[in-house]
Number of protein chains: 2
Amino acid sequence: MLCDRVRMDAYHSAVFRNPHHFRGKVVLDVGTGSGILAIWSAQAGARKVYAVEATNVAEHARELVRANGVADIVEVIQGTMEDIVLPEKGESCRFLNPCYICSFLNRCQTFEIDVIISEWMGYYLLRESMFDSVICARDRWLNPGGVMYPSHARMWLAPIRSGLGDKKMEDFEIAMNDWNHFVEDTQAYYGVNMNALTKAYRAEHEKFYLKSSIWNNLHPNQLIGQPAVVKEMDCLTATVEEIREVRAQVTLPINQDRTRLAALAGWFDVHFRGSKQNPAVEEVELNTAPDENGGTHWGQQVFLMTPAPRVNEGDSINVSFSMVRSKENHRLMDMDITYELHEASGRKLPAVATKIFLE
Amino acid sequence: MLCDRVRMDAYHSAVFRNPHHFRGKVVLDVGTGSGILAIWSAQAGARKVYAVEATNVAEHARELVRANGVADIVEVIQGTMEDIVLPEKGESCRFLNPCYICSFLNRCQTFEIDVIISEWMGYYLLRESMFDSVICARDRWLNPGGVMYPSHARMWLAPIRSGLGDKKMEDFEIAMNDWNHFVEDTQAYYGVNMNALTKAYRAEHEKFYLKSSIWNNLHPNQLIGQPAVVKEMDCLTATVEEIREVRAQVTLPINQDRTRLAALAGWFDVHFRGSKQNPAVEEVELNTAPDENGGTHWGQQVFLMTPAPRVNEGDSINVSFSMVRSKENHRLMDMDITYELHEASGRKLPAVATKIFLE
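Remember, it's a predicted structure, so these values are computed and weren't measured experimentally.

Turning our attention to the overall build of chain A. For chain A, the count of helices and strands is eight helices and 17 strands. The principal-axis extents of the C-alpha atoms in chain A amount to approximately 75 × 55 × 40 Å. Here chain A holds 359 residues, and the buried ones make up 53% of them. For chain A, the proportion of contacts with a sequence separation of at least 24, taken over those separated by at least 6, is 73%. Total accessible area computed for chain A in this model is approximately 16200 Å², and 49% of it derives from carbon and sulfur atoms. When the 37 positive and 47 negative side-chain charges of chain A are each reduced to one mean point, those points stand 3 Å apart.

Laid out in structure tokens, this is it:
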């Protein structure tokens, strides 16, 4: 968080240009890390800030809160959003969860928080699956009329040109070549035939070099067509069900001549718009699209198309996209991408399907 | 294992130059990986080989065993040494552990295995703590008169010169300089004082740059004095208790003039000698000491002395060494190294104590 100026600037602007959301309010910072968003919330006038952090970094957050003179406002709580109980009302409810008496009297458990602020976004928005905790926090604690920071998020997909595909293909071929030498040597020197593992070795290295999503900070001139939105999310209403599986059909028109579709690239943006009842006075955007002035630590994710088809201006790519959580680790993502190239001439090429792993 | 020629050659020689240990015998390979030691044992004439592997690599081992025509001899078992039961005798005992009836009749559980072969050595011999599983296997299954491959192991410590200390100190200073700029910027641009974390940041980075053991393949001419053995182990009798905590007092005579004690270096060797009752006909050594012809994937571990004292021929270093398992992760090691420099003139310098983390 702290060393990414684009990110820091976006959150800083969102908070300090919309002090009406914070003044006198109760704020919850989900995954506070070193506590910077909680401190800003306090500086912007919050009456109370709960800063929740699962890891031992909570101790650093406590130190920073003290050193910045907001210890009377910011309360750092170490724990997961799913397990903790906010102490605002009904202290006894720490031990009774849910406390039926308090629930009946509407004294605790819910309706505590005016603003939930969180920097929960992972690579291509959803990697790490941290938004689950934000949803949990929102459903348990956010007041009706409460505001989410950020309030909206979108995932983008775009066709790009890139030398990465050729480079990775070369690396893959070198790895297979080395393996073949190794198999020969092991037979010659040590009398063991390793060839039975060649298929598994090839599959593993093909996944590593060609089917793994690649972090890259692209230049905008690498885009060879129109980006499209594959997912749009209102943070006030999104459900875990809805983000567990992202599916979209999009058409990406190509706007460059005589080039190759080396890859599709994915990125996201989020907006700080407040809510309908309680809108931002100044809307702020955090955009992780390709940017000639550098970019963010998120960069973009590159999904290689191998082999890379030749494309021309006027062609379009019909993409069927799905992203689900990996069965082995729910914080990682498995993608299925199928594309059909529709040439400007009217000719349609056969569909090509690729698996991509965001690990 | 497979790409390290020194390692492969040592195990290959040990097995094939001592076929009397294998011919008609029952062998257990602890942590077989892709199964190479098990296959060699079968090729050397073993009657039966159990190849135990905890991870899914067991499936690869099975394929290799089949492809090399030793599936009737090598049985790959997926599981940990602590949990599995060898099926050699008394199949029913898979479900009764220990089976009192069989134990009474001396039919199963123990006295199964003639040779335990294993490539269990980690960085500086004991990192990974995999020898625990070998001890478990030995105590449960090895016949009286059985043989361990390898049979003996030693840990070495030596004084060295190296540019690594200056390099790491520079990296550390750059990191602290960056941090200080970051603290200034965060105050100036975002109104938050991060200085409360400076102490923790310094401690963490001092540990990372200066107090973490460094992997290196040293050249023999970097040795500036006599190496000494800090631990000697008979694999037939060693106990977990004995390796949980390694302590030694050694004297390292300096044999180079006008140099600096940049670091102590640690490495190990193992020997394949068979046992007293059943010795090897040809003893084999696997040595990971500094070697001008390259080295092994283990390299050596470098423990920086910062600041590095000036030393001369005739000086000697009295070292008090201890290595224990890390409390957080028993596969990692924490070292306490205290040294006293005794100059040739007779002057003794004050003791200097350092903590080193082998992570």
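With respect to the helices and strands, the residue A67 of chain B is situated in helix α3 (residues 57-67). When neighbours within four sequence positions are excluded, A67 of chain B is seen to be in contact with N193 and A196 of chain A.

Right, let's talk about the sheet that holds strand β1 (residues 26-30) of chain B for a bit. Residue and element names in this part refer to chain B. On the basis of which strands lie adjacent, the open sheet formed by five strands has the order β3-β2-β1-β4-β5 and parallel pairing. Looking at the sheet topology across the chains shown, the edges are occupied by β3 (74-78) and β5 (142-149). Each strand of the sheet is rotated relative to its neighbour by a mean of 20°, with strand direction disregarded. Two elements, strand β2 (residues 48-53) and β3, share five bridges in a ladder whose sense is parallel. Within the sheet, the bridge partner assigned to Y50 lies in β3 and is E75.

All names here are of chain A. P307 follows T306 through a cis peptide bond whose omega is 0°. The topology assignment puts P307 in the loop between β13 (300-304) and β14 (310-311). One non-glycine residue with positive phi stands out, namely L125, at about 70°. Considering the arrangement of structural elements, one finds L125 in the loop between β4 (113-117) and α5 (131-141).

Attention now moves to the confidence of the model for chain A. Residue and element names in this part refer to chain A. On average, chain A scores 92 in pLDDT, and the residues at 70 or more come to 93%. Considering only residues more than four positions removed or in separate chains, one finds that residues 90-96, a stretch of pLDDT under 50, has ten contacts. Ignoring residues within four places in sequence, the model shows residues 105-110, a span with pLDDT below 50, making 18 contacts including any to other chains. As a predicted assembly, this complex carries a pTM of 0.87 together with an ipTM value of 0.84.

The subject of this paragraph is the relation of the copies chain A and chain B. Superposition record for chain A on chain B: RMSD 0.0 Å, screw rotation 180°, translation along axis 0.0 Å. Interpreted geometrically, this transformation is the action of a two-fold axis. Looking at the rotation axis and the C-alpha trace of chain A, the residue lying nearest is N329 of chain A, at 11 Å.

Residue and element names in this part refer to chain A. For V30, the location among the structural elements is in strand β1 (residues 26-30). Remark: the alpha-carbon pair of V30 and V134, spanning 104 residues in sequence, is separated by 6.4 Å. When neighbours within four sequence positions are excluded, V30 is seen to be in contact with V52, M81, I116, I117, S118, E119, M130, S133, V134 and A137.

Angle between the axes and distance between the axes are the two parameters that describe a pair of packed helices. Residue and element names in this part refer to chain A. Where helix α6 (residues 164-190) contacts helix α7 (residues 198-210), the two axes come as close as 9 Å, and the packing angle between them is 160°. Judged on the interaxial angle alone, α7 and α6 are roughly antiparallel. Between α6 and α7 lies a crossing of right-handed hand. On α7, the residues that touch K168, M169, D171, F172, A175, M176, W179 and V183 of α6 are T198, Y201, R202, H205, E206, Y209 and L210.

Tallied over the entire structure, the rule returns 24 aromatic pairs over all chains. Seen from their ring centres, F22 of chain A and Y149 of chain A are 5.1 Å apart, and the 70° between their planes marks the pair as edge-to-face. With F22 of chain A in the loop between α1 (5-16) and β1 and Y149 of chain A in strand β5 (residues 142-149), this pair connects stretches of sequence that are 127 residues apart. The residues F22 of chain A and Y149 of chain A share a single accessibility class, namely buried. Residues F268 of chain A and W298 of chain A carry aromatic rings whose centres are separated by 5.1 Å and whose planes lie at 80° to one another, so their mutual orientation is edge-to-face. Placement of the pair is F268 of chain A in strand β11 (residues 263-274) and W298 of chain A in the loop between β12 (279-287) and β13, with a sequence separation of 30 residues. Taken as a pair, F268 of chain A and W298 of chain A share a single burial class, namely buried. Grouped by ring-pair contacts, the aromatic residues Y11, F22, Y149 and F272 of chain A constitute a single cluster. Of note, R7 of chain B hangs over the ring of W298 of chain B, and the distance from its end group to the ring centre comes to 5.0 Å. Looking at K207 of chain B, its charged tip hangs above the ring of F357 of chain B, at a distance of 4.3 Å from the centre.

Contacts between chain A and chain B engage 27 residues on the former and 27 residues on the latter. Regarding the contact of chain A and chain B, the summed buried area is about 2400 Å², with carbon and sulfur atoms giving 66% of it. For the interface between chain A and chain B, the tally reads zero salt bridges.

The pairing of strands in a sheet happens through backbone hydrogen bonds and is either parallel or antiparallel. Residues and elements named next belong to chain B. The strand order β9-β15-β16-β17 describes an open sheet built from four strands, whose pairing is antiparallel. Two strands bound the open sheet, and with one partner strand each, they are β9 (245-253) and β17 (352-358). The sheet shows a mean angle of 20° between the axes of neighbouring strands, taken without regard to direction.

Here we take up the domain arrangement of chain A. Residues and elements named next belong to chain A. Taken domain by domain, chain A comprises domain 1 (5-119), domain 2 (154-162 + 215-358) and domain 3 (163-211). Between the C-alpha centres of domain 2 and domain 3 there is a distance of 31 Å. In this complex, domain 2 contributes ten residues to the contact, which on the side of domain 3 involves ten residues. Counting each side, the surface lost to burial between domain 2 and domain 3 is near 870 Å², with a carbon and sulfur contribution of 58%. Across the domain 2-domain 3 interface, the total number found is one salt bridge. Residue R260 pairs with D166 through a salt bridge whose shortest N-O separation is 3.0 Å. Linking domain 2 with domain 3 are three residue pairs in polar contact (both at pLDDT 80 or more), by the criterion used here. Those elements that place two or more of their residues in the side of domain 2 that touches domain 3 are β13 and β17 (352-358).

The next thing to look at is helix α2 (residues 36-43) of chain B. Residue and element names in this part refer to chain B. Across the eight residues of α2, seven count as buried, placing the element largely inside the fold. For α2, the full list of buried residues reads I36, L37, A38, I39, W40, S41 and A42. Positive phi shows up at G45, right after α2, with a value of about 115°.

Reading the values: the criteria
- Residues numbered from 1 in each chain as written.
- Chains lettered and ligands numbered in written order.
- Predicted model: local features only at pLDDT ≥ 70, side-chain atom pairs only at ≥ 80, totals over all residues.
- Heavy atoms only, no water.
- Helix = DSSP H or I, 4+ residues; strand = E, 2+ residues; numbered from the N terminus.
- Buried < 20%, exposed > 50% of the residue type's maximum accessible area, 1.4 Å probe, protein only.
- Contact = heavy atoms within 4.5 Å.
- Areas by Shrake-Rupley, 256 points an atom, 1.4 Å probe, with all protein chains shown as cover.
- Lys, Arg positive; Asp, Glu negative; His and termini not counted.
- Charge placed at Lys NZ, Arg CZ, Asp CG, Glu CD.
- Pairing = 2+ DSSP bridges.
- Axes fitted to C-alpha atoms, helices over the stretch in contact; angles between N-to-C directions.
- pLDDT = per-residue confidence, 0-100.
- Least-squares fit on C-alpha atoms with pLDDT ≥ 70 in both.
- Parallel < 35°, antiparallel > 145°, perpendicular 65-115°, else oblique.
- Left-handed = near helix turned anticlockwise from the far one by under 90°.
- Phe/Tyr/Trp six-rings, centres within 6.5 Å; stacked < 30°, edge-to-face > 60°.
- Lys NZ or Arg CZ within 6 Å of the ring centre and 35° of its normal.
- Buried area = accessible area lost by both parts, 1.4 Å probe.
- Salt bridge = Lys/Arg side-chain N within 4 Å of Asp/Glu carboxyl O.
- Domains from an automatic or database assignment.
- Polar contact = N/O pair within 3.5 Å; in protein donor to acceptor, adjacent residues only side chain to side chain.

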